[in-house]
Amino acid sequence: MDVEILSRVQFAFTVAFHYLYPPLSIGLGVALVIMEGMWLKTGNPLYHNMARFWTRIFALTFAIGVATGIVMEFEFGTNWATYSRFVGDIFGSALAAEGIFAFFLESGFLAVLLFGWNKVGPKLHFFATCMVCLGAHFSAVWIVVANSWMQTPAGYHLESLSGGETVILPAAHVITEGDLGTVRAVVDNFWVMVLNPSSIDRLTHVVLGAWMAGAFLVVSISAYYLLRNRHVDFARASLKVGVAFAGVATMMQMVSADTTAKGVVKNQPIKLAAMEGVFETVPFTPMTLFGWVNTKEENVIGPKIPGLLSVLAFGDPETPVQGLNELPSDEFLLTRHPDTPTANLAELRKTYHPPIQPVFQFYHVMITVGVALFGIVIVAGLKWLRGTLFRTDTVLRKAFLWVLVFSVLGPQIANQAGWFAAEMGRQPWIVYNLLKTSDALSKVVAAGHVLTSLILFLLVYLLLFAAFVFLMTRKIQHGPDSAEESEEMPESWKRRIRLKSAKA
Amino acid sequence: MNMDLNFIWFVLVGVLFTGYAMLDGFDLGVGTLHLFARTDEHRRLFLNSIGPVWDGNEVWLVTGGGALFAAFPEVYATVFSGFYIPFMLLLVALIFRAVAIEFRSKEPWGWWRMMWDVAFSIGSVLAAFLIGVAMGNVVAGVPIRPDREFGGTFLAMLNPYALLLGVTTVALFAMHGGIYLAMKTDGELQQIVRGWIPKLIGIFITCYMCFNMMTLIYCPHILDTVRARPWIMPVVALGVLIVMNIPREIHKGREFNAFASSCAGMGLMMAAFGLTYFPNMLYSLPNPENSLTIYNAASTQKTLGIMLIIAVLGVPLVLAYTACIYYIFRGKTRLTAQSY
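It should be emphasised that the depicted structure is a prediction, and the values quoted were computed from it without experimental measurement.

A. Local environment of the overall build of chain B. Tallying secondary structure elements over chain B gives 13 helices and two strands in all. A compact globule built from 340 residues should have a C-alpha radius of gyration of about 20 Å, and chain B, at 20 Å, falls within 12% of that. With the C-alpha coordinates aligned to their principal axes, the bounding extent of chain B is approximately 55 × 40 × 35 Å. Among the 340 residues that make up chain B, the fraction classed as buried is 55%. Sequence-distant contacts, at least 24 apart, represent 78% of the contacts inside chain B between residues at least 6 apart.

Dropping the structure here:
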């Protein structure tokens, strides 16, 4: 196997593993703010126990998130050195901002959140919880901005450093092999770079996906306690918070999904065509609900709704969605490969397509799971209104709670599938239309090195995951403390909380 | 030496890595000493002395790496791809360590705790050692090709000089961690830790002296620079004096002062190194003309300027709440329900 494949696999594996945890931290962060806020407002010890219990779960996800996150930062340099040289001027500033504004905030106040129950007052503790939550969101901001710049570069120009002199290159400059390591992208306008065409859409989409991950975790564990008839009061209260939070996040996500997809139509039509499996450019472009891409015959087998894709993309069934057979354009191909005979263009075009089958499937998995989660929160909401959500007296009601228990996997699957669709859909580019992934590798790293580190990561992460699942199960089995105990709240807190509840 | 943006970022990156050494240094040191604690309670006290702060400390590494990437992408790319194997091992060590802290006390079983104790300790020692080895190579110089790529091999990185700095770093962090523990413990455990400190100081000072001697022999370019910049000598001398102050403070039972001296000693060593190494970021040997400097390996003035604004806004905040957090968790470590 060559360095390119191994480095791609290693990065995909380590980032996918890492991404199991940050969404939980972001989503649970919001849930913690809600729970502790409700406790401070009502003085009800049930909420205190909720905040305590979910903080313990949060701590676990956070620790693994940090440990696996350092790997990501190192890998840009270790495996993708040419990429790092190319984007350092742009990507680096986002990464530095992430460190200074997000990570310090998050990890600093986390100490107070986890260990400060007996050291600071309730208000300061709540403030720390809010700061941890804010820090988690900031960390999403900067990394998504950097990634969005790779999807839709803006606010930059290219310059060449060869021979010790800096030459500003024209906007239309095409990077050739000789440019690698000497040509780099540099910032023209920081805010145009940060607010590049896909930043806001993708950031919203990612954060909502994270909220869903956190919310459905709360839903899942609470439903489990109800089914097991344990910690029932706690489980009801938690389930209410979880379902409400999941409902809001999922509804918003539906809107965000639509906006994000429209952005892809505009900014990365090739990616959209691959995600939807569109080959021919025809009016009334159909949308395939699920199916299998036949890359040889260039069609998709599966149920289609005529015109739906055109409607979703442009709000008009007649406007055709561009297909892979004319993307990228002949003009684009001829600037990169002048003197190509017209007959060869079709073959050449395919080298600029992402792997269509996986992009199509990942995208459809994300959509399907997203819609399923939407259905689940609607049903849960209705059952809540009718008062049957918390009951376990019939098989059907139990069955629905079991659905909720397993719903925790939904956002995780959708988040992973969504990222795979987004990142594979960008191929063959690492920076869209500028730098190819295959040109972005470290020049001095040999396949053997990457294979070694890949095996090392596989083993370590397997162990890590086993330990995580084990400890998570233990924490869930242990459960929250009972309301009467209201564990170890210092006297001063109790007094203040009691005053508060007496007033209310 | 004019005060341009490149220079400011040279200093800032240095400050971040020095901050990392001072902060994560003591918790790596606690890890190094961990297995020497005999009872379960003592080990838990060790872990909990760093419990609230260790991941904040690790953020200094993340931010230092991020700042290096942002300000000097060529250095980041060359070093990280060139030092591939040691850095991967460093990552694995740091992961093991983090996981061990988190998981160790979650189960009462002896084998479970022993397994994570060993993982925590080996992870800490290995991390400190690898940081030292990487640093040793940076100081001594590494082969850099004209295309700015690393031209050396992994085996060549394991040269005696770098290995010695690796051992010295382990000793330094162990001493630093020992002093920290003496500050954070009391009673019987504090007596035990106090008993270790003279030995730890002795080991470190021996390593430190050997390392300085080796530098004279092994790094003629460092020697030449010091001759050309004689004003570096007072900084070095001050560093040595501060290090010598540590046993004095310990002798008088003033652990906090000893810890402050240890921090200041690290700061001065890094300062002396920075002053000598400037304007290089990665010295090339045998072809010094290929060296990466703060000018030929930097981002644009625009990016350095933007990041300076970010740093000016962010760093005071970071320092303020880091100080607050250390203040909140001041005093002796106690085991509570939330402890590791």
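B. Expanded view of the overall build of chain A. In terms of regular secondary structure, chain A is built from 17 helices and nine strands. A globule of 504 residues ought to have a C-alpha radius of gyration of about 23 Å, and chain A, at 25 Å, matches this closely. Summarising its shape, the C-alpha atoms of chain A cover approximately 80 × 55 × 40 Å along the three principal directions. Of all 504 residues assigned to chain A, the portion counted as buried reaches 50%.

C. Focus on the interface of chain B and chain A. At the junction of the two partners, chain B supplies 58 residues and chain A supplies 55 residues. Listed by contribution, the elements that provide at least two residues to the side of chain B that touches chain A are α3 (54-71), α4 (73-82), α5 (84-103) and α13 (301-328) of chain B. When residues in the side of chain B that touches chain A are grouped by element, the largest group, 13 residues, is from α13 of chain B. Split into classes, the residues belonging to the side of chain B that touches chain A amount to 35 nonpolar, 14 polar and nine charged.

D. Layout of helix α16 (residues 447-478) of chain A. Residue and element names in this part refer to chain A. When the terminal C-alpha atoms of α16 are compared, their 46 Å separation across 32 residues agrees well with the 46 Å that a helix rising 1.5 Å per residue should span. Inspection of α16 places His 449, Val 450, Ser 453, Phe 457, Tyr 461, Leu 464 and Phe 468 among the buried residues, and these make up the whole buried set. Positive phi appears at Gly 479, one or two residues downstream of α16, with a value of about 75 degrees.

E. Representation of the packing of helix α3 (residues 45-79) of chain A against α5 of chain B within the structure. Relative to each other, α3 of chain A and α5 of chain B sit at 175 degrees, their axes nearing to 9 Å. As the angle between them shows, α3 of chain A and α5 of chain B are arranged roughly antiparallel. Seen from α3 of chain A, the contacting residues are Ala 63, Val 66, Ala 67, Ile 70, Val 71, Phe 74 and Thr 78 of chain A; seen from α5 of chain B, they are Tyr 84, Phe 87, Met 88, Leu 91, Leu 94, Ile 95, Ala 98, Val 99 and Glu 102 of chain B. By residue class, the composition of the contact of α3 of chain A with α5 of chain B is 14 nonpolar, one polar and one charged.

F. Inspection of the sheet that holds strand β2 (residues 167-168) of chain A at higher detail. All names here are of chain A. The strand order across the open sheet built from three strands is β2-β1-β3, with neighbouring strands paired in antiparallel fashion. Of all strands in the sheet, those with a lone pairing partner are β2 and β3 (183-187), marking the two edges. When strand β1 (residues 156-160) meets β3, the two strands line up antiparallel, connected through five bridges. The residue of β3 that forms the bridge with Leu 158 is Ala 185. Taken strand by strand, helix α4 (residues 81-115) contacts β1 and β3, and its axis lies near 5 degrees from that of β3.

G. Up close: the packing of helix α1 (residues 5-33) of chain B against α3 of chain B. All names here are of chain B. Their axes nearest at 8 Å, the elements α1 and α3 cross at an angle of 160 degrees. Classed by the angle they form, the pair α1 and α3 counts as roughly antiparallel. As for the relative orientation of α1 and α3, their crossing is left-handed in sense. Of the residues in α3, those in contact with Trp 9, Leu 12, Val 13, Leu 16, Phe 17, Gly 19, Tyr 20, Leu 23, Asp 24 and Asp 27 of α1 are Trp 54, Asn 57, Glu 58, Trp 60, Leu 61, Thr 63, Gly 64, Ala 67, Leu 68 and Ala 71.

H. Focus on the pairing of β3 of chain A. The element β3 of chain A is extensively covered by neighbouring structure, given that five of its five residues are classed as buried. Along β3 of chain A, one buried face is formed by Val 183, Ala 185 and Val 187 of chain A and the opposite face, lined by Arg 184 and Val 186 of chain A, is buried too.

I. Representation of helix α8 (residues 160-184) of chain B in the model. Taking 1.5 Å as the rise per residue, α8 of chain B with 25 residues should run 36 Å; its terminal C-alpha atoms sit 36 Å apart, in good agreement. Of all 25 residues in α8 of chain B, 21 are buried, a share of seventy percent or more.

J. Local environment of the nonpolar core. Grouped together as the largest cluster of nonpolar side chains are 277 residues, with contacts concentrated most on Ala 31, Met 35, Trp 54, Trp 211 and Ala 215 of chain A together with Ala 71 and Leu 91 of chain B. Here this core takes 23 residues from α4 of chain A, the largest share from any one element. Discounting residues that sit within four places of it in the chain, Ala 71 of chain B has contacts with Trp 9, Val 13, Ala 298, Ser 299, Leu 304 and Met 307 of chain B.

K. Expanded view of the pairing of β1 of chain A. Strand direction decides the pairing type here: β1 of chain A and β2 of chain A, joined by two bridges, are antiparallel. Paired with Glu 159 of chain A across the two strands is Ile 168 of chain A, which belongs to β2 of chain A.

L. How the structure looks around unusual backbone geometry. In the segment running from Phe 278 of chain B into Pro 279 of chain B, the intervening peptide bond is cis, with an omega of 0 degrees. With respect to the helices and strands, the residue Pro 279 of chain B is situated in the loop between α12 (255-277) and β1 (280-282). Put simply, Leu 285 of chain B and Pro 286 of chain B share a cis peptide bond, and its omega is 10 degrees. Within the secondary structure, Pro 286 of chain B is located in the loop between β1 and β2 (292-293). Residues other than glycine seldom take positive phi values, yet Asp 339 of chain A does so here, at roughly 70 degrees. A tally of 5 C-beta atoms within 10 Å means that Asp 339 of chain A is categorised as exposed.

Calculation notes
In this convention, every chain numbers its residues from 1, walking through the sequence in written order. Just so you know, chain letters begin at A and ligand numbers begin at 1, following the order they were written in. Confidence filtering applies because this is a predicted model: local features only for residues at pLDDT of at least 70, side-chain atom pairs given and counted only at 80 or more, and all residues used for totals across whole chains, interfaces and linings. Secondary structure elements are defined from DSSP: runs of H or I of at least 4 residues count as helices, runs of E of at least 2 residues count as strands, and each element is numbered from the N terminus. Only the C-alpha atoms count toward the radius of gyration. The rule for a globule is 2.2 Å times the residue count to the power 0.38. Neighbour counting defines burial: a residue surrounded by 20 or more other C-beta atoms within 10 Å of its own C-beta is buried, one with 12 or fewer is exposed, and intermediate counts give partly exposed, using backbone-placed C-beta atoms. Whether two residues are in contact depends on their C-beta atoms, placed from the backbone: they are in contact if these lie within 7 Å. In this classification, Asp, Glu, Lys and Arg are treated as charged, Ala, Val, Leu, Ile, Met, Phe, Trp, Tyr, Cys and Pro as nonpolar, and every other residue, Gly included, as polar. Here the expected length of a helix is defined as 1.5 Å per residue gap, with one fewer gap than residues. Throughout, an axis means a line fitted to C-alpha atoms (over the contacting stretch in the case of helices), and angles, computed between N-to-C directions, take values from 0 to 180 degrees. Throughout, the term roughly parallel applies to angles under 35 degrees, roughly antiparallel to angles over 145, roughly perpendicular to angles from 65 to 115, and oblique to all others. At least two DSSP bridges between two strands are needed for those strands to be called paired. Less than a right angle of anticlockwise turn of the near helix away from the far helix marks a crossing as left-handed, whereas a clockwise turn marks it as right-handed. A set of buried residues qualifies as a nonpolar core if it consists of Ala, Val, Leu, Ile, Met, Phe, Trp, Tyr and Cys joined through C-beta atoms within 7 Å.

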